[in-house]
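# Notes for the structure review
Chain by chain, the residues run as shown.
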Amino acid sequence: MKRTRLFCVLLAAAMLLSLAACGKDDPKESNSLQIGDYALLYKGASIMEDSDGNDALVLTLDFTNNSKDSGSYVWSISETAMQNGAELAVATVFTDSDSYDTVIDSQFTDVAPGETLELRTAFVLADTRGDL
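A short tour of the structure in this document, coming up. Everything numeric in this text was worked out from a predicted model, so none of it was measured.

### A closer look at the packing of aromatic side chains
A full pass over the atoms with the stated rule returns three aromatic pairs. With 5.6 Å between their ring centres and 85 degrees between their planes, phenylalanine 63 and tyrosine 73 make a pair best called edge-to-face. Of the two residues, phenylalanine 63 is situated in strand β3 (residues 55-65) and tyrosine 73 in helix α2 (residues 73-76); the sequence distance between them amounts to 10 residues. In this structure, phenylalanine 63 and tyrosine 73 share a single accessibility class: buried. Following the ring pairs from residue to residue traces out a cluster consisting of Tyr38, Phe63 and Tyr73.

In structure tokens form, the structure reads like this:
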């Protein structure tokens, strides 16, 4: 559990640094995290509308499985995002208005050892101006 909490803090810090450093080229900053047998690479973020019409933060990440067994992101990584001192709810953001496919569907895909999968995760924002 301590490792999970540390990951959440590190992921939030990486997101904050990445969002704050938009347009800057600083080779000292890293958008990657190594969590046990898994690696995450933060690739970008956008604000989209969730299924209830709320603003949602959608993060794009590369998930690399460096373990010896296949595994999915959702079963390997526990995530959270904080804003204004409160944990944000997971957002349901549809990829197509005619389907029930969501931006987080790829989190359930099994990733073979040594393979990388690009995926997205989404959180309902408390506001669009506050720090994460």
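From this point, the narrative continues.
### A short note on unusual backbone geometry
Positive phi, close to 55 degrees, is recorded for asparagine 84, a residue that is not glycine. When you line up the elements, asparagine 84 lands in the loop between β4 (82-83) and β5 (86-87). Since its relative accessible area comes to 52%, asparagine 84 is described here as exposed.

### Observations concerning the pairing of strand β2 (residues 38-49)
Here strand β1 (residues 32-35) pairs with β2 via four bridges, running antiparallel. In the strand pairing of β2, serine 32 is matched with leucine 41. In this structure, the hairpin formed by β1 and β2 is closed by a connection of two residues, where glycine 36 is found at a positive phi of approximately 55 degrees. Pairing between β2 and β3: 11 bridges, direction antiparallel. Each bridged residue has a counterpart across the sheet, and for alanine 39 the counterpart in β3 is threonine 64.

### Focus on the side chain of serine 72
On the secondary structure map, serine 72 appears in the loop between β3 and α2. The contacts of serine 72, once residues within four sequence positions are left out, are Phe63, Gln107, Phe108, Thr109 and Asp110.

Each value, and the rule that gives it
Residues numbered from 1 in each chain as written. Predicted model: local features only at pLDDT ≥ 70, side-chain atom pairs only at ≥ 80, totals over all residues. Heavy atoms only, no water. Phe/Tyr/Trp six-rings, centres within 6.5 Å; stacked < 30°, edge-to-face > 60°. Helix = DSSP H or I, 4+ residues; strand = E, 2+ residues; numbered from the N terminus. Buried < 20%, exposed > 50% of the residue type's maximum accessible area, 1.4 Å probe, protein only. Pairing = 2+ DSSP bridges. Contact = heavy atoms within 4.5 Å.

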